[in-house]
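As a plain string of letters, each chain reads:
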Amino acid sequence: MDIKGLKEWVLTNKLDERTIKGFWNAFNNYKEGHLDAFQEDFEDYDSMHITLFVDTVSLTITNWPDEDYNHVVISIRFQYKGKAAGMYRMVFNLTGEVEDDYLTIY
């Protein structure tokens, strides 16, 4: 398995940076679209209290055994005021295009 090659591909295509940007987009959409729930989940919200970190980068082989629908998934965990607040996942196809994303609030 060529882990270094995968890491190089992720960095070359800036998948980590794009995932962080995607997180903020999804998070701000959640804030604007679900204001009551957002205020309950993030009391006294201040973006300075959000901490992000890349949790996993994974190659997912789907449609086994044909292996004709594969993805790289970047998962970001985030904290608010030092407590686990949720996870964000962005799914990329093997040409580096975004296929999907998921925001989960704990």
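Anything mentioned here points back to the structure above.
First, a word on what this report is: a plain description of the structure on this page. (Residues numbered from 1 in each chain as written. Predicted model: local features only at pLDDT ≥ 70, side-chain atom pairs only at ≥ 80, totals over all residues. Heavy atoms only, no water.)

A word on the overall build of the chain. Along the backbone of the chain there are three helices and four strands. Each helix and strand of the chain, ordered N terminal to C terminal, gives the series α-α-α-β-β-β-β. Considered along the principal axes of its C-alpha atoms, the chain spans approximately 45 × 25 × 20 Å. Residues counted as buried form 27% of the 106 residues belonging to the chain. Pairs at least 24 apart in sequence give 42% of the contacts found in the chain among residues at least 6 apart. A total of about 7100 Å² of accessible surface is found on the chain, and carbon and sulfur atoms cover 50% of it. The centroid of the 10 positive side-chain charges in the chain is displaced by 8 Å from the centroid of its 19 negative side-chain charges. (Helix = DSSP H or I, 4+ residues; strand = E, 2+ residues; numbered from the N terminus. Buried < 20%, exposed > 50% of the residue type's maximum accessible area, 1.4 Å probe, protein only. Contact = heavy atoms within 4.5 Å. Areas by Shrake-Rupley, 256 points an atom, 1.4 Å probe, with all protein chains shown as cover. Lys, Arg positive; Asp, Glu negative; His and termini not counted. Charge placed at Lys NZ, Arg CZ, Asp CG, Glu CD.)

Applying the stated criterion across every chain, the model contains one salt bridge. R77 is the salt-bridge partner of D55, the closest N and O atoms lying 3.1 Å from each other. Remark: R77 occurs in strand β2 (residues 69–80) and D55 occurs in strand β1 (residues 50–62); sequence separation between them is 22 residues. According to the relative accessible area criterion, D55 is partly exposed, its value standing at 33%. (Salt bridge = Lys/Arg side-chain N within 4 Å of Asp/Glu carboxyl O.)

Our next topic: helix α1 (residues 3–12). Little of α1 sits inside the fold, with one of its 10 residues counted as buried. In the segment just after α1, K14 is the residue with positive phi, at about 55 degrees.

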